[in-house]
Amino acid sequence: MLTKNQLGFLYMFLSVCTFSVMDLLVKWSSDYPTGEVLFFRGFFGLLPTYFLIPRNKLKTFYTTKRSKEHLFRCLMGLMALIAIVVALRELPLAVVVSLSYAAPLFITVLSIFLLSEKVGIFRWLAVMIGFIGVIIIAEPGFKGMNYLYFLPLIFCIGMAFVTITIRKLSTTEPIWLISIFFTITISIAGLATIPMGWIMPNVQDFALLALIGVTGGSANLFLTQSYKLSEVSLVAPLKYLALIFAIIFGYLIWNEIPTIKTLIGASLVVLASLIIFRREIYHKQTIPSTTSHE
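About the criteria used
- Throughout, residues of each chain are indexed from 1 in the direction in which the sequence is written.
- With the structure being a predicted model, the display of local features is reserved for residues of pLDDT at least 70 and the display and counting of side-chain atom pairs for 80 or more, all residues being used for whole-chain, interface and lining totals.
- Only hydrogens and water are set aside when side-chain values are computed; all heavy atoms of the structure are taken into account.
- Here a helix means four or more residues in a row that DSSP labels H or I, a strand means two or more in a row labelled E, and each is numbered from the N terminus.
- Helix span, as expected, comes to 1.5 Å for every residue beyond the first.
- Exposure classes here rest on a 1.4 Å probe applied to the protein chains alone. A residue is buried below 20% of its type maximum, exposed above 50%, and partly exposed in between.
- To get an axis, a line is fitted to the C-alpha atoms, and for a helix only the part in contact is used. The angle between two axes follows their N-to-C directions and goes from 0 to 180 degrees.
- Oblique is the label for any angle not under 35 degrees, not over 145, and not in the 65 to 115 range, which are roughly parallel, roughly antiparallel and roughly perpendicular in turn.
- Left-handed describes a crossing whose near helix is turned anticlockwise from the far helix by less than a right angle; the clockwise case is right-handed.
- Residue contacts follow a heavy-atom distance rule, with two residues in contact if any of their heavy atoms lie within 4.5 Å.
- Ten residues, namely Ala, Val, Leu, Ile, Met, Phe, Trp, Tyr, Cys and Pro, are considered nonpolar, four, namely Asp, Glu, Lys and Arg, are considered charged, and the remaining ones, Gly among them, are considered polar.
- As used here, the term nonpolar core means buried Ala, Val, Leu, Ile, Met, Phe, Trp, Tyr and Cys residues forming a set that is joined through side-chain atoms within 4.5 Å.
- For this quantity, the arc is that covered by the directions from the helix axis to the C-beta atoms.
- Pairs of N or O atoms are called polar contacts if they sit within 3.5 Å, as long as, within protein, a hydrogen donor faces a hydrogen acceptor (for residues adjacent in sequence, only side-chain-to-side-chain pairs).
- Pairs of cysteine sulfur atoms within 2.5 Å are identified as disulfides in what follows.
- Only the six-membered ring of Trp is used, alongside the rings of Phe and Tyr, when aromatic pairs are assigned; centres must lie within 6.5 Å, and planes under 30 degrees apart are stacked while those over 60 apart are edge-to-face, with the rest tilted.

Points about helix 5 (residues 103-114)
Move 1: Here helix 5 spans 16 Å end to end across 12 residues, near enough to the 16 Å set by a 1.5 Å rise per residue.
Move 2: Positive phi appears at Ser-116, one or two residues downstream of helix 5, with a value of about 55°.

Encoded structure:
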(Lines give C-alpha, C1' and ligand atoms only; values in the text may rest on other atoms or scores of the structure.)
Protein backbone atom coordinates (compact mmCIF):
# COMPACT_ATOMS: atom_id res chain seq x y z
CA MET A 1 0.00 0.00 0.00
CA LEU A 2 1.25 3.47 -0.89
CA THR A 3 1.32 6.24 1.69
CA LYS A 4 -0.62 9.46 1.13
CA ASN A 5 2.59 11.30 0.24
CA GLN A 6 3.53 8.60 -2.27
CA LEU A 7 0.07 8.73 -3.83
CA GLY A 8 0.29 12.51 -3.98
CA PHE A 9 3.67 12.22 -5.70
CA LEU A 10 2.14 9.83 -8.24
CA TYR A 11 -0.84 12.11 -8.93
CA MET A 12 1.47 15.10 -9.43
CA PHE A 13 3.57 13.12 -11.90
CA LEU A 14 0.40 12.14 -13.78
CA SER A 15 -0.69 15.79 -13.79
CA VAL A 16 2.61 16.96 -15.27
CA CYS A 17 2.50 14.24 -17.92
CA THR A 18 -1.08 14.95 -18.97
CA PHE A 19 -0.54 18.72 -19.10
CA SER A 20 2.54 18.10 -21.26
CA VAL A 21 0.47 15.92 -23.61
CA MET A 22 -2.18 18.64 -23.79
CA ASP A 23 0.49 21.20 -24.72
CA LEU A 24 1.69 18.93 -27.53
CA LEU A 25 -1.85 18.47 -28.83
CA VAL A 26 -2.55 22.22 -28.73
CA LYS A 27 0.65 22.93 -30.65
CA TRP A 28 -0.17 20.16 -33.11
CA SER A 29 -3.69 21.58 -33.70
CA SER A 30 -2.41 24.80 -35.29
CA ASP A 31 -4.34 24.04 -38.51
CA TYR A 32 -7.62 24.44 -36.64
CA PRO A 33 -9.08 27.82 -35.52
CA THR A 34 -8.36 28.83 -31.93
CA GLY A 35 -12.09 29.05 -31.14
CA GLU A 36 -12.63 25.49 -32.32
CA VAL A 37 -9.82 24.25 -30.08
CA LEU A 38 -11.31 26.19 -27.14
CA PHE A 39 -14.63 24.43 -27.65
CA PHE A 40 -13.03 20.98 -27.61
CA ARG A 41 -10.97 21.94 -24.53
CA GLY A 42 -14.11 23.03 -22.70
CA PHE A 43 -16.71 20.50 -23.84
CA PHE A 44 -14.59 17.38 -23.44
CA GLY A 45 -12.98 18.81 -20.31
CA LEU A 46 -16.39 18.51 -18.69
CA LEU A 47 -16.25 14.71 -18.85
CA PRO A 48 -13.65 14.13 -16.09
CA THR A 49 -15.15 16.88 -13.89
CA TYR A 50 -18.68 15.49 -14.19
CA PHE A 51 -17.77 12.45 -12.10
CA LEU A 52 -16.84 14.69 -9.15
CA ILE A 53 -20.33 16.16 -8.77
CA PRO A 54 -22.11 14.62 -5.77
CA ARG A 55 -25.22 12.71 -6.84
CA ASN A 56 -27.47 14.87 -4.71
CA LYS A 57 -26.16 17.96 -6.54
CA LEU A 58 -26.67 16.80 -10.13
CA LYS A 59 -29.85 18.83 -10.60
CA THR A 60 -28.77 21.92 -8.68
CA PHE A 61 -24.98 21.89 -9.20
CA TYR A 62 -25.03 25.40 -10.70
CA THR A 63 -26.45 27.18 -7.64
CA THR A 64 -24.11 29.74 -6.10
CA LYS A 65 -24.25 32.99 -4.20
CA ARG A 66 -20.96 34.25 -5.64
CA SER A 67 -21.80 34.55 -9.32
CA LYS A 68 -19.77 37.76 -9.87
CA GLU A 69 -16.57 36.17 -8.56
CA HIS A 70 -17.18 33.07 -10.68
CA LEU A 71 -17.68 35.30 -13.73
CA PHE A 72 -14.44 37.17 -13.08
CA ARG A 73 -12.55 33.88 -12.62
CA CYS A 74 -13.99 32.56 -15.89
CA LEU A 75 -13.15 35.70 -17.89
CA MET A 76 -9.57 35.81 -16.58
CA GLY A 77 -9.19 32.08 -17.22
CA LEU A 78 -10.53 32.50 -20.76
CA MET A 79 -8.03 35.29 -21.42
CA ALA A 80 -5.19 33.15 -20.09
CA LEU A 81 -6.25 30.10 -22.10
CA ILE A 82 -6.53 32.00 -25.40
CA ALA A 83 -3.11 33.54 -24.83
CA ILE A 84 -1.41 30.22 -24.07
CA VAL A 85 -3.10 28.39 -26.96
CA VAL A 86 -1.90 30.97 -29.49
CA ALA A 87 1.56 31.08 -27.90
CA LEU A 88 1.93 27.30 -27.99
CA ARG A 89 1.13 27.29 -31.69
CA GLU A 90 3.50 30.08 -32.68
CA LEU A 91 6.49 29.90 -30.30
CA PRO A 92 8.95 27.15 -29.38
CA LEU A 93 7.45 24.84 -26.75
CA ALA A 94 10.31 25.34 -24.26
CA VAL A 95 10.00 29.15 -24.47
CA VAL A 96 6.27 29.08 -23.74
CA VAL A 97 6.61 26.66 -20.82
CA SER A 98 9.54 28.65 -19.39
CA LEU A 99 7.65 31.95 -19.52
CA SER A 100 4.54 30.35 -18.03
CA TYR A 101 6.50 29.71 -14.83
CA ALA A 102 6.48 33.47 -14.22
CA ALA A 103 2.89 33.27 -12.93
CA PRO A 104 3.93 33.10 -9.23
CA LEU A 105 5.76 36.41 -9.69
CA PHE A 106 2.54 38.14 -10.75
CA ILE A 107 0.59 36.39 -7.99
CA THR A 108 3.06 37.73 -5.41
CA VAL A 109 2.66 41.31 -6.64
CA LEU A 110 -1.14 41.16 -7.04
CA SER A 111 -1.63 39.52 -3.63
CA ILE A 112 -0.40 42.73 -2.02
CA PHE A 113 -3.29 44.71 -3.51
CA LEU A 114 -6.03 42.06 -3.70
CA LEU A 115 -5.37 39.94 -0.60
CA SER A 116 -3.58 42.53 1.57
CA GLU A 117 -0.69 40.10 2.02
CA LYS A 118 2.66 41.28 3.32
CA VAL A 119 5.57 40.43 1.01
CA GLY A 120 9.01 40.23 2.60
CA ILE A 121 12.44 40.91 1.16
CA PHE A 122 13.01 37.29 0.08
CA ARG A 123 9.91 37.22 -2.12
CA TRP A 124 10.67 40.65 -3.55
CA LEU A 125 14.17 39.37 -4.37
CA ALA A 126 12.58 36.34 -6.03
CA VAL A 127 10.31 38.60 -8.09
CA MET A 128 13.33 40.60 -9.30
CA ILE A 129 15.25 37.42 -10.21
CA GLY A 130 12.24 36.02 -12.01
CA PHE A 131 11.62 39.11 -14.09
CA ILE A 132 15.28 39.21 -15.09
CA GLY A 133 14.79 35.64 -16.31
CA VAL A 134 11.68 36.70 -18.24
CA ILE A 135 13.58 39.54 -19.92
CA ILE A 136 16.40 37.16 -20.90
CA ILE A 137 13.96 34.65 -22.44
CA ALA A 138 11.74 37.20 -24.19
CA GLU A 139 14.48 39.62 -25.29
CA PRO A 140 13.97 38.79 -28.99
CA GLY A 141 10.29 39.61 -28.60
CA PHE A 142 10.87 42.86 -26.72
CA LYS A 143 13.61 43.93 -29.10
CA GLY A 144 11.71 43.14 -32.28
CA MET A 145 8.29 44.03 -30.80
CA ASN A 146 7.04 40.52 -31.56
CA TYR A 147 3.72 40.44 -29.72
CA LEU A 148 3.82 36.63 -29.53
CA TYR A 149 6.38 36.80 -26.72
CA PHE A 150 3.91 38.82 -24.67
CA LEU A 151 1.24 36.11 -24.86
CA PRO A 152 2.78 33.80 -22.19
CA LEU A 153 3.02 36.87 -19.93
CA ILE A 154 -0.66 37.65 -20.56
CA PHE A 155 -1.30 34.03 -19.60
CA CYS A 156 0.64 34.60 -16.37
CA ILE A 157 -1.32 37.73 -15.51
CA GLY A 158 -4.61 35.94 -16.20
CA MET A 159 -3.56 32.96 -14.11
CA ALA A 160 -2.49 35.25 -11.28
CA PHE A 161 -6.01 36.70 -11.12
CA VAL A 162 -7.47 33.19 -11.47
CA THR A 163 -5.37 31.83 -8.61
CA ILE A 164 -6.22 34.69 -6.27
CA THR A 165 -9.92 34.45 -7.13
CA ILE A 166 -9.91 30.68 -6.57
CA ARG A 167 -8.29 31.29 -3.17
CA LYS A 168 -11.29 33.43 -2.26
CA LEU A 169 -13.93 31.18 -3.87
CA SER A 170 -12.58 27.96 -2.36
CA THR A 171 -13.52 29.15 1.12
CA THR A 172 -17.18 28.41 0.30
CA GLU A 173 -17.30 26.83 -3.18
CA PRO A 174 -16.31 23.26 -4.13
CA ILE A 175 -13.48 22.89 -6.64
CA TRP A 176 -15.69 20.94 -9.07
CA LEU A 177 -18.14 23.86 -9.28
CA ILE A 178 -15.35 26.36 -9.98
CA SER A 179 -14.01 24.03 -12.68
CA ILE A 180 -17.40 23.37 -14.31
CA PHE A 181 -18.28 27.05 -14.64
CA PHE A 182 -14.97 27.62 -16.40
CA THR A 183 -15.28 24.69 -18.79
CA ILE A 184 -18.84 25.76 -19.69
CA THR A 185 -17.58 29.32 -20.33
CA ILE A 186 -14.85 28.28 -22.74
CA SER A 187 -17.22 25.89 -24.50
CA ILE A 188 -19.69 28.73 -25.13
CA ALA A 189 -16.89 31.10 -26.14
CA GLY A 190 -15.61 28.51 -28.59
CA LEU A 191 -19.07 27.94 -30.09
CA ALA A 192 -19.47 31.68 -30.62
CA THR A 193 -16.59 31.58 -33.10
CA ILE A 194 -18.37 29.23 -35.55
CA PRO A 195 -19.29 32.15 -37.89
CA MET A 196 -15.56 32.94 -38.16
CA GLY A 197 -15.04 29.61 -39.84
CA TRP A 198 -14.44 26.18 -38.36
CA ILE A 199 -12.75 23.27 -40.10
CA MET A 200 -14.52 19.93 -40.14
CA PRO A 201 -12.01 17.48 -38.59
CA ASN A 202 -11.61 13.95 -39.84
CA VAL A 203 -12.08 11.06 -37.40
CA GLN A 204 -8.43 11.02 -36.31
CA ASP A 205 -8.26 14.78 -35.79
CA PHE A 206 -11.59 14.77 -33.94
CA ALA A 207 -10.20 12.21 -31.49
CA LEU A 208 -7.02 14.22 -30.94
CA LEU A 209 -8.96 17.48 -30.47
CA ALA A 210 -11.21 15.74 -27.95
CA LEU A 211 -8.08 14.58 -26.12
CA ILE A 212 -7.13 18.22 -25.54
CA GLY A 213 -10.22 18.55 -23.36
CA VAL A 214 -9.88 15.16 -21.67
CA THR A 215 -6.19 15.64 -20.83
CA GLY A 216 -6.73 19.22 -19.64
CA GLY A 217 -9.65 18.25 -17.41
CA SER A 218 -7.89 15.15 -16.09
CA ALA A 219 -4.65 17.01 -15.39
CA ASN A 220 -6.46 19.54 -13.21
CA LEU A 221 -8.12 16.71 -11.26
CA PHE A 222 -4.79 14.91 -10.78
CA LEU A 223 -3.30 18.16 -9.54
CA THR A 224 -6.08 18.79 -7.03
CA GLN A 225 -5.91 15.22 -5.76
CA SER A 226 -2.15 15.48 -5.36
CA TYR A 227 -2.40 18.55 -3.14
CA LYS A 228 -5.15 16.90 -1.08
CA LEU A 229 -3.14 13.75 -0.37
CA SER A 230 0.42 14.90 0.15
CA GLU A 231 2.61 17.63 1.53
CA VAL A 232 2.82 20.45 -0.97
CA SER A 233 6.54 20.87 -0.36
CA LEU A 234 7.09 17.27 -1.51
CA VAL A 235 5.17 17.27 -4.80
CA ALA A 236 5.21 20.83 -6.17
CA PRO A 237 8.81 20.75 -7.50
CA LEU A 238 7.72 17.94 -9.83
CA LYS A 239 5.88 20.59 -11.89
CA TYR A 240 9.18 21.66 -13.37
CA LEU A 241 9.50 18.32 -15.15
CA ALA A 242 7.20 19.92 -17.72
CA LEU A 243 10.11 22.07 -18.89
CA ILE A 244 12.24 18.99 -19.50
CA PHE A 245 9.38 17.36 -21.40
CA ALA A 246 8.92 20.55 -23.44
CA ILE A 247 12.59 20.63 -24.43
CA ILE A 248 12.62 16.92 -25.36
CA PHE A 249 9.32 16.92 -27.28
CA GLY A 250 10.07 20.24 -28.96
CA TYR A 251 13.33 18.84 -30.28
CA LEU A 252 12.03 15.41 -31.30
CA ILE A 253 8.79 16.57 -32.95
CA TRP A 254 9.45 20.12 -34.21
CA ASN A 255 13.27 20.16 -34.24
CA GLU A 256 13.25 23.07 -31.76
CA ILE A 257 16.60 23.58 -30.04
CA PRO A 258 16.43 25.88 -26.99
CA THR A 259 18.95 28.71 -27.02
CA ILE A 260 21.40 29.39 -24.19
CA LYS A 261 19.35 32.50 -23.34
CA THR A 262 16.21 30.41 -23.00
CA LEU A 263 17.94 27.93 -20.68
CA ILE A 264 19.51 30.65 -18.52
CA GLY A 265 16.28 32.64 -18.32
CA ALA A 266 14.26 29.50 -17.55
CA SER A 267 16.67 28.62 -14.73
CA LEU A 268 16.20 32.07 -13.18
CA VAL A 269 12.39 31.90 -13.47
CA VAL A 270 12.31 28.41 -11.93
CA LEU A 271 14.66 29.54 -9.13
CA ALA A 272 12.44 32.54 -8.41
CA SER A 273 9.31 30.38 -8.35
CA LEU A 274 10.94 27.94 -5.94
CA ILE A 275 12.00 30.77 -3.61
CA ILE A 276 8.44 32.14 -3.58
CA PHE A 277 7.10 28.65 -3.05
CA ARG A 278 9.43 27.97 -0.11
CA ARG A 279 8.52 31.28 1.51
CA GLU A 280 4.82 30.41 1.16
CA ILE A 281 5.51 27.11 2.92
CA TYR A 282 7.46 28.98 5.59
CA HIS A 283 4.44 31.20 6.21
CA LYS A 284 2.22 28.10 6.07
CA GLN A 285 0.19 29.39 3.14
CA THR A 286 -0.60 26.59 0.70
CA ILE A 287 -0.57 27.88 -2.87
CA PRO A 288 -2.37 26.21 -5.78
CA SER A 289 -0.61 25.37 -9.01
CA THR A 290 -0.10 28.29 -11.36
CA THR A 291 1.56 26.59 -14.28
CA SER A 292 -1.36 24.68 -15.56
CA HIS A 293 -2.83 25.71 -18.87
CA GLU A 294 -6.40 25.52 -17.59
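Thoughts on unusual backbone geometry
Move 1: One non-glycine residue, Asn-255, adopts positive backbone phi at about 60°.
Move 2: Relative to the helices and strands, Asn-255 resides in the loop between helix 11 (241-254) and helix 12 (260-282).
Move 3: Judged by its relative accessible area of 56%, Asn-255 is exposed.

Section: the packing of helix 2 (residues 34-50) against helix 8 (residues 175-191)
Move 1: Their axes nearest at 7 Å, the elements helix 2 and helix 8 cross at an angle of 150°. In terms of their interaxial angle, helix 2 and helix 8 are classed as roughly antiparallel. The two elements helix 2 and helix 8 cross, and the hand of that crossing is left-handed. Along the contact surface, helix 2 presents Gly-35, Leu-38, Phe-39, Arg-41, Gly-42, Phe-43, Gly-45, Leu-46 and Thr-49, while helix 8 presents Trp-176, Ser-179, Ile-180, Thr-183, Ile-184, Ile-186, Ser-187, Gly-190 and Leu-191.
Move 2: Split into classes, the residues belonging to the contact of helix 2 with helix 8 amount to 9 nonpolar, 8 polar and 1 charged.

Side note on the nonpolar core
Move 1: Residues Met-12, Leu-81, Ile-84, Tyr-101, Ala-102, Phe-155 and Ile-212 are the most contacted members of the largest nonpolar core, which totals 80 residues.
Move 2: Each residue touching Ile-212, except ones within four places of it in the same chain, is listed here: Met-22, Leu-25, Val-26, Ser-29, Val-37 and Arg-41.

Observations regarding helix 11
Move 1: In this model, helix 11 (14 residues) spans 19 Å end to end at C-alpha, consistent with the 20 Å of a helix rising 1.5 Å per residue.
Move 2: Of all the residues in helix 11, the buried ones are Ala-242, Leu-243, Phe-245, Ala-246 and Gly-250. Seen end-on, helix 11 carries its buried residues on one side only, within an arc spanning 155°.
Move 3: Following helix 11 by one or two positions, Asn-255 has its phi on the positive side, about 60°.

What to know about the side chain of Ser-226
Move 1: Along the chain, Ser-226 falls in helix 9 (residues 203-229).
Move 2: When its relative accessible area of 0% is taken as the criterion, Ser-226 is described as buried.
Move 3: Reaching out from Ser-226, the side chain makes a polar contact with the backbone oxygen of Gly-8 at a distance of 2.8 Å.

Observations regarding the state of the cysteines
Move 1: Applying the stated criterion to the full structure yields 0 disulfides.
Move 2: The structure places no disulfide on Cys-74, whose sulfur is separated from the nearest cysteine sulfur, that of Cys-156, by 20 Å.
Move 3: Looking at Cys-74, the relative accessible area reads 4%, which means it is buried.

Looking at the packing of aromatic side chains
Move 1: Tallied over the full model, the rule gives 14 aromatic pairs.
Move 2: Both rings, one in Phe-40 and one in Phe-44, keep their centres 5.7 Å apart while their planes meet at 5°; by these two values the pair is stacked. Of this pair, Phe-40 and Phe-44 are both found in helix 2, 4 residues apart, which corresponds to roughly one turn of the helix. Of the two residues, Phe-40 and Phe-44, neither departs from the other in class, the shared state being buried.
Move 3: Aromatic side chains Phe-44 and Phe-206 sit 5.9 Å apart centroid to centroid with 85° between the ring planes, which places their arrangement in the edge-to-face category.

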